[in-house]
Amino acid sequence: MELEFIKDMFNSIAPRYDFLNRLLSLRRDIYWRREMVKALDIPKEGRILDIACGTGDVMVEFIRQKKSGRQLFGLDFAPEMLYVARQKLEALPETGRTHLIAGNGLYLPFLPDFFDAMTIAFGIRNIIDRLGALQTFYEHLTPGGSLAVLELATPNQRMLKFFYSAYFERLLPTIGGFVSSNRMAYRYLPASVLRFPDPVKFADLMRSAGFKEIRWRRLTLGLATLHVGIKPKP
Ligand SMILES: C[S@@+](CC[C@H](N)C(=O)[O-])C[C@H]1O[C@@H](n2cnc3c(N)ncnc32)[C@H](O)[C@@H]1O
């Protein structure tokens, strides 16, 4: 039920998703994805999966930084988001071997130990069974492979928190709702960010799924956080 609601929501906002991302984050979203891709060492012949790839911005960033390895996959369960991603990738002069897959991030249609790197940007917040998802990602990484998780966060300084709440809980749903015609989606956004665990707790969750060498950092005054963890070699 929750899953269908989220899928329908992203299908409905897909045509306006990129425009609203840039507007509502003042283009910080591009910088955050850039930092995520920069944080990963990708072997030249590596395989990469971007989970909850949406309109393909993380894949574009891998291609832009020439880190797309031998094969770059994007997976998402909302076909309308994938449709935008396909158009975006087709418009690039050079994409290498890219593949878009419609599917649920909790049930990856790949062999275990398959990917050298996996990413998920602004996606894990929408998955209720986060530990289950992290365990699935872990299973499909090669030993030595890394997972990067980028997510929106609530800043921890008092003053900033005040302005952030006013913006995030009032202005953002109004603008988002007006432009996308789906006010519910942009009400869901702040609610889902507020429910998301703090960076220390999320690092613990990654540890519980088996990841090691976990590092994380706050981006742009704590408006987003980036976690990276490694699947250890035996
Ligand atoms: C906020 S968007 C992020 C899209 C993209 N990663 C980005 O950086 O803009 C969240 C995406 O997660 C997808 N999603 C949410 N839950 C999912 C799941 N269980 N399996 C696959 N995709 C999922 C949605 O369809 C949506 O495209």
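Before reading on, note that the structure itself is shown above.
Presented here is a report on the structure given in the accompanying data block. The structure displayed is predicted, hence computed values, not measured ones.

Regarding the overall build of the protein
Right, on to step 1. Looking only at helices and strands, the protein has 8 helices and 7 strands in total.
Right, on to step 2. The C-alpha atoms of the protein give a radius of gyration of 17 Å, which matches the 17 Å a tight globule of 234 residues would have.
Right, on to step 3. Taken along the three principal axes of its C-alpha coordinates, the protein extends 50 × 40 × 35 Å.
Right, on to step 4. Among the 234 residues that make up the protein, the fraction classed as buried is 54%.
Right, on to step 5. A separation threshold of at least 6 residues defines the contact pool for the protein, and within that pool the share at least 24 residues apart is 73%.
Right, on to step 6. Within the structure as shown, the protein displays about 11600 Å² of accessible surface, and the carbon and sulfur contribution to it stands at 57%.
Right, on to step 7. Measuring between centres, the 33 positive side-chain charges of the protein sit 6 Å from its 24 negative side-chain charges.

Overview of the environment of Met-206
Right, on to step 1. By the element assignment, Met-206 lies in helix 8 (residues 199–208).
Right, on to step 2. Put simply, Met-206 and Leu-226 are 20 residues apart on the chain and 12 Å apart in space, counted from C-alpha to C-alpha.
Right, on to step 3. Apart from residues no more than four positions distant in its own chain, Met-206 is found in contact with Leu-134, Leu-147, Phe-211, Ile-214, His-227, Val-228 and Gly-229.

Let's talk about the packing of aromatic side chains
Right, on to step 1. According to the stated counting rule, one finds 10 aromatic pairs in the structure shown.
Right, on to step 2. Taken together, a centroid distance of 4.8 Å and an interplanar angle of 80 degrees make the contact between Phe-110 and Phe-115 edge-to-face.
Right, on to step 3. Relative to Phe-115, the ring of Phe-114 lies with its centre 5.0 Å away and its plane at 85 degrees, an arrangement referred to as edge-to-face. The exposure classification of Phe-114 matches that of Phe-115, with both residues buried.
Right, on to step 4. Over the face of the ring belonging to Phe-77 we find Lys-7, whose NZ or CZ atom lies 5.7 Å from the ring centre.

Comments concerning the pairing of strand 1 (residues 47–51)
Right, on to step 1. Strand 1 sits mainly inside the fold: 5 of its 5 residues count as buried.
Right, on to step 2. The alternating pattern of strand 1 places Arg-47, Leu-49 and Ile-51 and Ile-48 and Asp-50 on opposite faces, both of which are buried.
Right, on to step 3. With 5 bridges connecting them, strand 1 and strand 2 (residues 71–76) associate as parallel partners. Residue Arg-47 lies in a different strand from strand 2, and its bridge partner there is Gln-71.
Right, on to step 4. The handedness of the strand 1 to strand 2 crossover, carried by helix 3 (residues 57–64), is right-handed.

Reading the values: the criteria
Residues numbered from 1 in each chain as written. Predicted model: local features only at pLDDT ≥ 70, side-chain atom pairs only at ≥ 80, totals over all residues. Heavy atoms only, no water. Helix = DSSP H or I, 4+ residues; strand = E, 2+ residues; numbered from the N terminus. Rg over C-alpha atoms; globule rule 2.2 N^0.38 Å. Buried < 20%, exposed > 50% of the residue type's maximum accessible area, 1.4 Å probe, protein only. Contact = heavy atoms within 4.5 Å. Areas by Shrake-Rupley, 256 points an atom, 1.4 Å probe, with all protein chains shown as cover. Lys, Arg positive; Asp, Glu negative; His and termini not counted. Charge placed at Lys NZ, Arg CZ, Asp CG, Glu CD. Phe/Tyr/Trp six-rings, centres within 6.5 Å; stacked < 30°, edge-to-face > 60°. Lys NZ or Arg CZ within 6 Å of the ring centre and 35° of its normal. Pairing = 2+ DSSP bridges. Right-handed = clockwise from strand over helix to strand, strands pointing away.

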